[in-house]
Structures are given as structure tokens and as C-alpha cells.
Amino acid sequence: MGIIIALIPAIAWGSIGLVSGKLGGNAYQQTLGMTFGALVFGIGTYLIAQPTLDARVWLFGILSGLFWSLGQSQQFQAMKYIGVSLTVPMSTGMQLVANTLAGALLFAEWQTTKAVVLGLLALFALIAGAMLTSRREKTNEPGVTNYGAGIRTLIISTVGYAGYTIVVKAAVLGATAVVLPQAVGMVIGALLFSIGHHAFAKATAKNVVTGLLWGTGNVFMLMAMAQVGLAVAYSLAQMGIVISTFGSVFLLGERKTHKEMTWITWGSLLIIAGGVILGLMK
């Protein structure tokens, strides 16, 4: 059951880049609108579940939300630089390294030789898959992307995303209890990052939808972390890369050559294989 729960975030989060791409707006408008949607989801979760919210939950929940807002705003920015079909696979690879190693080294989730061997094999497959999907064929066409800026923003994004999950795991926060404080932290962070970037616009309101998508994935992600651990839960959640990568080509019209589509296909298969291996660990 934990594996099934962990796949729900893959569907929800894998659709975010596609939905935000269709809704439009700059990275700050997209992030702020997304956090408002997450706040609505958080309030709804609180009213339904009515979890106990003490000072500790609020403190670490808000801190986790601040880390997330850093990660998401920089990922949206990277999408502007290098496109969804490159950003998501590269971001996925970086996040997998950070979170899987955190789960294994900080939280001792790999306690047997078998777990270590399978975990490393899965990690190799996932990262190799992410690298293949992001591979780009050299052509004579003039470049329209800024790879240097894209890489820099993705490194910052990875720090934010890693902090978002590690804080929740380290503080042992309940899945339903942390949702509202986390959303508050997300809104605070998004507001701070958006200063001077014309964040309040029509596109901001539209992107509330992406926040609802994220909230759905977040709740199931936190539930999965409690059942199968951070390394497995986060890695399975990142299988949404398949949705993002293929969707950006067929729905957002990002151009790919025949070779690039071949690399994307093989990369996606490796990512799925890595997810299956992680499932076998439990």
C-alpha cells in the first residue's frame, strides 16, 4: 500500500510543470499562485483531519515550507531558461541524489547489505535515466536556452527541495498536521522571493490550480514517507518525470529530434526500472 501511495505524488507533481506552462506567468507568479493553492488545500486538510498543531509542528512546518518555496521558485525559473523537458529530468536527478543519500546516511534507512545493493542499483538507474532524458543533440540551429543560468538555479532548487523533506523527516511530523504550517511557510517564502518581480497578476490567480495539485501530491508523499521511508517515497514520487518530459513535448510543443526522443524513451524506462527496484526493497 505504501508503494501505491508513493506513486500518487508522481502523477500530481509530474503534471505541475505542464499545467503551469499552460497557465502562463513568470516564475514568481507561478510560485506565489501555487502557494496560495497549497494554503487552500492546507486549510481544508486541517478542517477535515483536525490534527493537533503545537509550537513544534508550526516551527518545523514553516521551515519546511520556506525551503520548498526556494526549491520551487528556482525550478520554475530554470524552466524559463532551459524548458520543462530539460529542467524536470535534471532537477529529478539532483533531488534523487540529495534525498536518497539523506535517507540512507542521515536516517539509516538502508540497514542490510541487500538494501544497500538494491538502493545503489536503483539510484544508478534513476540518475542514468534522468541524464538520458536531458541529453540534447547538437544541431546547427541557434540555441534559445541559457544552460549556465539553468544549472545554477537547479543547484539552488535542489538545496531547497532537499531541506523541505529532510526537515519533515528529522522532526517526525505527522502527514496531516504539517500540511497547514508548511503551506504558511510556502506563502511567506514565495512572498519574500517575489518582491520586485510583479508577482500579483492574473497568472498568479490561475496558478492556484497547481497549488491544489501540489497539495494532493504532498499529503500522499508525507504518508508514504512514514510507511516506506524517505529514500523510497521520494524516489518513487519523482517518477512523475515521465509525465513531465513526454507531456512537455506533446502538450507544450517543446521540439525534440528523433535521437532525443529515443534518449527520452530509454531514460524513462530506466526511471521506471529504478522505481520498481525501490519497491522491491520494501
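This write-up is about the structure you can find in this document.

### A few points about the packing of helix H3 (residues 27–49) against helix H4 (residues 55–82)
In helix packing, the relevant descriptors are the interaxial angle and the interaxial distance, both defined with respect to the helix axes.
Point 1. Where H3 meets H4, the closest approach of the two axes is 8 Å, and the angle between their N-to-C directions is 140 degrees. It follows from the interaxial angle that H3 and H4 lie oblique. Note that H3 runs across H4; the crossing there is right-handed. Packed against H3, whose contacting residues are Ala27, Tyr28, Gln30, Thr31, Met34 and Thr35, the element H4 presents Trp68, Ser69, Gln72, Ser73, Phe76, Gln77 and Lys80 at the interface.
Point 2. For the contact of H3 with H4, a count of residues per class yields five nonpolar, seven polar and one charged.

### Regarding the side chain of threonine 245
Point 1. Inspection of the secondary structure assignment puts threonine 245 in helix H12 (residues 241–250).
Point 2. Polar side-chain contacts of threonine 245 include one of 2.7 Å to the backbone oxygen of isoleucine 241.
Point 3. Here threonine 245 is in contact with Ser85, Pro89, Thr133 and Ile264, once residues within four sequence places are set aside.

### Notes on unusual backbone geometry
Among all residues save glycine, negative phi is the norm, and among peptide bonds the norm is trans.
Point 1. Even without glycine at this site, valine 172 takes up a positive phi of about 55 degrees.
Point 2. If you trace the backbone, valine 172 turns up in the loop between helix H7 (147–171) and helix H8 (179–193).
Point 3. Judged by its relative accessible area of 68%, valine 172 is exposed.
Point 4. Of note, histidine 198 is a non-glycine position whose phi angle comes to about 50 degrees, a positive value.
Point 5. In this fold, histidine 198 is placed in the loop between H8 and helix H9 (202–206).
Point 6. Judged by relative accessible area, which is 68%, histidine 198 ranks as exposed.

### Things to note about the packing of aromatic side chains
Point 1. Within the structure shown, the criterion is met by two aromatic pairs.
Point 2. For the pair tryptophan 68 and tryptophan 214, a centre-to-centre distance of 5.1 Å together with 55 degrees between the ring planes defines the contact as tilted. Within this pair, whereas tryptophan 68 is found in helix H4, its partner tryptophan 214 is found in helix H10 (residues 208–228), the two being separated by 146 residues in sequence.
Point 3. Between tyrosine 164 and tryptophan 214, the aromatic rings sit 6.2 Å apart at their centres with planes inclined by 50 degrees, giving tilted as the arrangement. In this pair, tyrosine 164 sits in helix H7 while tryptophan 214 sits in helix H10, placing the two residues 50 residues apart along the sequence. Assigned by exposure class, tyrosine 164 and tryptophan 214 land together as buried.
Point 4. Just above the ring of tryptophan 263 sits the side chain of arginine 135; from NZ or CZ to the centre is 4.1 Å.

### A look at a nonpolar patch on the surface
Point 1. Side chains of Leu63, Leu66, Ile188, Leu192 and Ile195 sit close together on the surface and give an oily, nonpolar patch of about 430 Å² of accessible area.
Point 2. When residues of the nonpolar patch are traced back to their parent elements, those giving at least two are H4 and H8.
Point 3. In this fold, leucine 192 is placed in helix H8.
Point 4. Given the relative accessible area of 53%, leucine 192 is considered exposed.

### Let's talk about the nonpolar core
Point 1. Ranked by internal contacts, the top residues of the largest apolar core, which has 50 residues, are Trp13, Trp68, Tyr164, Trp214, Met221, Leu222 and Met225.
Point 2. No other element matches H10, which puts seven residues into this core.
Point 3. Among residues more than four places away in sequence, those in contact with tryptophan 13 are Tyr164, Leu213, Trp214, Gly217, Asn218, Met221, Ala237, Gln238 and Ser244.
Point 4. With five residues, the next largest nonpolar core counts Ala78, Ile82, Leu86 and Met90 among its residues.

### Looking at the environment of asparagine 218
Point 1. As for its placement among the helices and strands, asparagine 218 is situated in helix H10.
Point 2. Through-space distance from the C-alpha of asparagine 218 to that of alanine 6 is 9.9 Å; in sequence the pair is 212 residues apart.
Point 3. In this view, asparagine 218 contacts Trp13, Tyr164 and Gln182; residues no more than four positions away in its chain are not counted.

### Notes on the side chain of threonine 204
Point 1. Relative to the helices and strands, threonine 204 is located in helix H9.
Point 2. Residue classification places threonine 204 among the buried residues on the basis of a relative accessible area of 4%.
Point 3. In this structure threonine 204 touches Gln29, Leu32, Gly33, Phe36 and Ala199, once residues within four positions along its chain are discounted.

Conventions adopted
- Residues numbered from 1 in each chain as written.
- Predicted model: local features only at pLDDT ≥ 70, side-chain atom pairs only at ≥ 80, totals over all residues.
- Heavy atoms only, no water.
- Axes fitted to C-alpha atoms, helices over the stretch in contact; angles between N-to-C directions.
- Helix = DSSP H or I, 4+ residues; strand = E, 2+ residues; numbered from the N terminus.
- Parallel < 35°, antiparallel > 145°, perpendicular 65-115°, else oblique.
- Left-handed = near helix turned anticlockwise from the far one by under 90°.
- Contact = heavy atoms within 4.5 Å.
- Nonpolar A, V, L, I, M, F, W, Y, C, P; charged D, E, K, R; others polar.
- Polar contact = N/O pair within 3.5 Å; in protein donor to acceptor, adjacent residues only side chain to side chain.
- Buried < 20%, exposed > 50% of the residue type's maximum accessible area, 1.4 Å probe, protein only.
- Phe/Tyr/Trp six-rings, centres within 6.5 Å; stacked < 30°, edge-to-face > 60°.
- Lys NZ or Arg CZ within 6 Å of the ring centre and 35° of its normal.
- Patch = residues over 30% accessible without salt bridge, like charges linked within 9 Å, V, L, I, M, F, W, Y side chains within 5 Å.
- Areas by Shrake-Rupley, 256 points an atom, 1.4 Å probe, with all protein chains shown as cover.
- Salt bridge = Lys/Arg side-chain N within 4 Å of Asp/Glu carboxyl O.
- Core = buried A, V, L, I, M, F, W, Y, C linked by side-chain atoms within 4.5 Å.

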